Amino acid sequence: MALSTVNFTVLLVLTLASLCSGTSDPGAYLYPQFYQHSCPRAQDIVRSVVAKAVAKEARMAASLLRLHFHDCFVKGCDASLLLDSSGSIVSEKGSNPNKNSARGFEVIDEIKSALEKECPQTVSCADILALAARDSTVLAGGPNWEVPLGRRDSLGASLSGSNNDIPAPNNTLETITNKFKRQGLDIVDLVALSGSHTIGLSRCTSFRQRLYNQTGNGVADSTLEEAYAWQLRSRCPRSGGDDNLFSLDRVSPTNFDNSYYKNIVAGKGLLNSDQVLLTKSLETMALVKQYAENNELFFDHFAKSIVKMGNISPLTGGKGEIRKNCRKTN
């Protein structure tokens, strides 16, 4: 890439970060080279630990990617999700979207420990989440992107924010759209970022209503392909089996690709929040079909949208802190 192109890219990222952080402080910008001098091996260290974790358990790629989402949608990308309960802090880990579901915290701990040995109190936990999400995506076969860096870590958490702001599997498309809009994310971002469900697993309790009682009248979701519904019912009964796990993408559950969208077109999206992208809006339907037909377009849009998401309300400059331990404030 020509130097002028690199400079333009960095300038663009700085401008976006400035708009999102609501400050003109030069020290408040996010940019990929943030640790170039203070911790030059930071990205290599994150990549190495993530690669080891994903090699040990392929599912970990989806788990680490999800942590970045669930962090950014609550108070911005500030690692508030990683805080354990202590003193006045009530952890977001106990919220409905995260309880018995969010995982990968030990991998983040391992990354932080390695970074603290290399360059103490330099690399934030929020930036670790952003880098781990990118590296997990790449390891699963997905797109690569430059991660803007320079976020700082929050001094608190928001259990109510976690319960209210993170899109839920049973939300209507209107509710999901509004939750994305509140974060400055549009319809393209919504559909592209939903594609993260091309990897990972979901619990029976997250989609049971689709199999038995979609609208409260005791009838299954008519948009769910019948043979697929029967297959799901065999391991997701009316009661019990809440924690039985199912692949979000039945075709290529550990590969980051556009099979997720092909499944939706075939009526085989697992979650209600997946299938409504096809059935409740012409605009989202068009994008689902485009991504189902064009993997390269999906990758391009996903990479741009996740950078945009990573710029949600970062703590920069003198705000927040660089935690020594991602689970607690200094």
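Here, every reference points to the structure presented above.
Not measured: the values here are computed from a predicted model. (Residues numbered from 1 in each chain as written. Predicted model: local features only at pLDDT ≥ 70, side-chain atom pairs only at ≥ 80, totals over all residues. Heavy atoms only, no water.)

Our focus in this paragraph is the packing of aromatic side chains. If you walk through the whole model with that rule in mind, you get 14 aromatic pairs. The interplanar angle of 65° and the centroid separation of 5.0 Å between the aromatic rings of Phe256 and Phe302 together place this pair among those described as edge-to-face. Highlighted residues: Phe256 in the loop between β2 (245-247) and α11 (259-265) and Phe302 in helix α14 (residues 295-310), separated in sequence by 46 residues. Given the relative accessible area of 0%, Phe302 is considered buried. An aromatic cluster is defined as three or more aromatic residues linked by ring pairs; in this entry it consists of Trp145, Phe256, Tyr260, Tyr261, Tyr291, Phe298, Phe299 and Phe302. Note that Lys93 overlies the ring of Phe105, its terminal NZ or CZ placed 4.3 Å from the centroid. Sitting over the ring of Tyr212, Arg233 keeps its end group 5.9 Å from the ring centre. (Phe/Tyr/Trp six-rings, centres within 6.5 Å; stacked < 30°, edge-to-face > 60°. Helix = DSSP H or I, 4+ residues; strand = E, 2+ residues; numbered from the N terminus. Buried < 20%, exposed > 50% of the residue type's maximum accessible area, 1.4 Å probe, protein only. Lys NZ or Arg CZ within 6 Å of the ring centre and 35° of its normal.)

In this structure, Glu92 sits in the loop between α3 (60-72) and α4 (105-118). Despite its burial, Glu92 pairs with no opposite charge; the closest candidate is Lys75, at 5.4 Å N-O. A distance of 3.0 Å separates the side chain of Glu92 from the backbone nitrogen of Ser158, its partner in a polar contact. Filtering out sequence-adjacent residues up to four positions away, Glu92 remains in contact with Val74, Ser80, Leu81, Asn98, Ala157, Ser158, Leu159 and Ser162. (Lys, Arg positive; Asp, Glu negative; His and termini not counted. Salt bridge = Lys/Arg side-chain N within 4 Å of Asp/Glu carboxyl O. Polar contact = N/O pair within 3.5 Å; in protein donor to acceptor, adjacent residues only side chain to side chain. Contact = heavy atoms within 4.5 Å.)

Within the secondary structure layout, Ser48 lies in helix α2 (residues 42-56). Taking the relative accessible area as the measure of exposure, Ser48 reaches 48% and is therefore partly exposed. For the pair Ser48 and Ala132, spaced 84 residues apart in the sequence, the C-alpha separation amounts to 10.0 Å.

Turning our eyes to something else, we now look at empty space enclosed by the protein. Taken as a whole and judged by the stated rule, the model has 1 cavity of 30 Å³ or more. In this structure, the largest cavity is lined by His68, Ala130, Trp145, Val147, Pro148, Arg151, Ile306, Val307 and Gly310. Broken down by element, the residue count for the lining of the largest cavity peaks at 3 residues, all from α14. Among the residues forming the lining of the largest cavity, the class breakdown is 6 nonpolar, 2 polar and 1 charged. (1 Å grid on protein atoms, 1.4 Å probe; cavity = no way out; pocket = protein on both sides within 12 Å on 5 of 7 lines; lining within 4 Å. Points joined across faces, edges and corners; volume = space filled by probe spheres on them. Nonpolar A, V, L, I, M, F, W, Y, C, P; charged D, E, K, R; others polar.)

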